[in-house]
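Below, each chain spelled out in residue letters.
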Amino acid sequence: ATENIALITLFGAAGDLAHRKLYPSLFKLYQKGYLAEHFALLGTSRREKTDEEFQALVADSVKDIPETKNGEAAAFTKHFFYQAHDVTKPEHYAVLKERLAKLDKQFGTQGNRLFYMSVAPQFFGTIAMNIKKQNLLTDEGYNRLIMEKPFGRDFASAKALNDELSQTFNENQIFRIDHYLGKEMVQNIQALRFGNTIIESLWNNRYIDNIQVTLSEKLGVEERAGYYDNSGALRDMVQNHIMQVVAQLAMEQPVSFTDSDVRVEKIKALRSLRVYTPSEAASNFVRGQYAAGDNTPAYRDADGVPSDSSTETFVAAKLLFDNYRWSGVPFYVRTGKKLADKFTRIDVVFRKPLIDIFANPRMVSEQSLKSNVLTIYVEPESGFALRVNAKSAGQGFKTEPVDLKFLQSADEKKEAPEPYERLFHDALEGNHTNFASWAEIAYAWKFVDVVRKLWDIEEPQFPNYAPGSMGPAASDELLARDGRAWIYKL
Ligand code: NAD
């Protein structure tokens, strides 16, 4: 592994995300040698803490990761330092500046600065602004910004935020985290498509009937109620994760597998996504909110949720791309809480043969051919399956669908890096492939805004689905109307 040389400034160092995801990811990178002598992290949050207290907090966060050599975790935590800091107080940044200058010398980080904003989104703009005003940037190495979601709550607020960020950082310095892009099988979409003639040559409206994307959660809103009720599934899942997955499925082949070439194609794909009129949005989008059941209260009765909340916990939609490759091929997407199971999968449904010679009335078989389906299992399993029709063994002639299936073994899965580890590493390397660009985010918001506006005006009939189901009946009807059905059903 090549060592990445960097001085990381983490805003929100005492937060939940830092503790659960960021420190463990950095430790894994350290174990693999991607981080070594020349890295340090300056953590900040409001409360006073000594460096030693902070190092103990980091040690606690990585305690379940087995060491590869003795004393590894202790050596790792020696790279962590702490500064109490209020992001809204400009004068506090002066202290950061001094400490960063010292750490840069001490660890020989060559002026490479990576700022990570893991704080509430209302602070994103303020922090970026102060980084520039109080001169935390260097002229020697690189200046990069990693930021958490959400990126705005509609196009207007996202644009305002982006305008603020761009006063300090240019697009090539900003890494917007969408952790779905860090998942093994989401990254594998490109390998499957562009590494296989038998797949990419069929990847168009001549051979594909429809594509289905399901991001299903089993849990309800739990302790994030306050945030979630203000957001809803459309903003929390569709605008970012689903749009990013769909863009990878729909994009044209990039000239090369570099971040700039991939970006161009994802942006083009999202540009050709049809933005609905309000009445089209009404017929192509379905929303839902879960009722009581399974020994758990309804969404509206959860702690922290207003009893008359009309926030959606489920969305299903039909998306259309107006381009040569996809004209006429619907992309059906759905996501929700309190569904049957926790999983993410993509089902690519191919057209049936134009003529079914086995449906000849003189043959014994009464079955008709099933559609070929390429299923990409994103999680919890990683792998894919191709459903093909074959003759069932035995006398007579019947066809039956069989699966050609590849699933990663438990060992391979254990070895696979977590999304945050991959994404951290990508940002350290300056690779944007698995981050969302501003243009992608802008198109996604413009698409979603129409729906949001419509839903904000019309009062929904909630609750409308049972926990443990796959959402409201209208989600099935969305496909039934087109003579289709969800491939994954209960
Ligand atoms: P958190 O509330 O646990 O932590 C927030 C941190 O910000 C704390 O360290 C707090 O001290 C600090 N902070 C708050 N106000 C401050 C101020 N004025 N000055 C300095 N520091 C201040 O939040 P979190 O769950 O860690 O989330 C952080 C970010 O990550 C958010 O943008 C969130 O949307 C995003 N995110 C979190 C998760 C998750 O699983 N926790 C998942 C996806 C995205």
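Residues numbered from 1 in each chain as written. Predicted model: local features only at pLDDT ≥ 70, side-chain atom pairs only at ≥ 80, totals over all residues. Heavy atoms only, no water.

1. Things to note about the packing of aromatic side chains
Note on aromatic pairs: each is described by the distance of the centres and the angle between the planes. Taken as a whole, this structure holds 31 aromatic pairs when the rule is applied. Three or more aromatic residues joined by ring pairs make a cluster, and in this case those are Tyr23, Phe27, Tyr30, Phe39, Phe54, Phe76, Phe80 and Tyr82. Lying across the ring of Trp486, Arg334 places its NZ or CZ 3.9 Å from the centre. A cation over a ring is seen here: Lys391 above Phe397, with NZ or CZ 5.8 Å from the ring centre. (Phe/Tyr/Trp six-rings, centres within 6.5 Å; stacked < 30°, edge-to-face > 60°. Lys NZ or Arg CZ within 6 Å of the ring centre and 35° of its normal.)

2. Observations regarding the site of the ligand
Within the structure, the ligand sits among 20 residues, and Asp16, Arg20, Val87, Val119 and Lys149 are positioned closest to it. With respect to the ligand, the backbone of His85 contributes an N or O atom lying 3.5 Å from a nitrogen atom. Lys149 places a polar main-chain atom, nitrogen or oxygen, 2.8 Å from an oxygen atom of the ligand. Considering the ligand on its own, with 830 Å² of exposed area, one finds that the protein chains cover 75% of that surface. In terms of residue count, helix 1 (residues 16-31) provides more of the shell around the ligand than any other element does, 3 residues in total. Among the residues forming the shell around the ligand, the class breakdown is 9 nonpolar, 5 polar and 6 charged. (Near = heavy atom within 4 Å. Polar contact = N/O pair within 3.5 Å; in protein donor to acceptor, adjacent residues only side chain to side chain. Areas by Shrake-Rupley, 256 points an atom, 1.4 Å probe, with all protein chains shown as cover. Helix = DSSP H or I, 4+ residues; strand = E, 2+ residues; numbered from the N terminus. Nonpolar A, V, L, I, M, F, W, Y, C, P; charged D, E, K, R; others polar.)

3. Some details on the pairing of strand 10 (residues 331-336)
The buried fraction of strand 10 is high, at 6 of 6 residues. Because side chains alternate across strand 10, one face comprises the buried residues Phe331, Val333 and Thr335, and the other comprises Tyr332, Arg334 and Gly336, equally buried. Of the pairings in the sheet, the one linking strand 7 (residues 208-216) to strand 10 comprises 6 bridges and is parallel in character. In the strand pairing of strand 10, Ile211 is matched with Phe331. Relative to strand 10, strand 9 (residues 314-319) runs antiparallel, the two sharing 6 bridges. Bridging across to strand 10, Ala317 finds its partner in Val333. (Buried < 20%, exposed > 50% of the residue type's maximum accessible area, 1.4 Å probe, protein only. Pairing = 2+ DSSP bridges.)

Distances and angles like these do not, on their own, reveal function.
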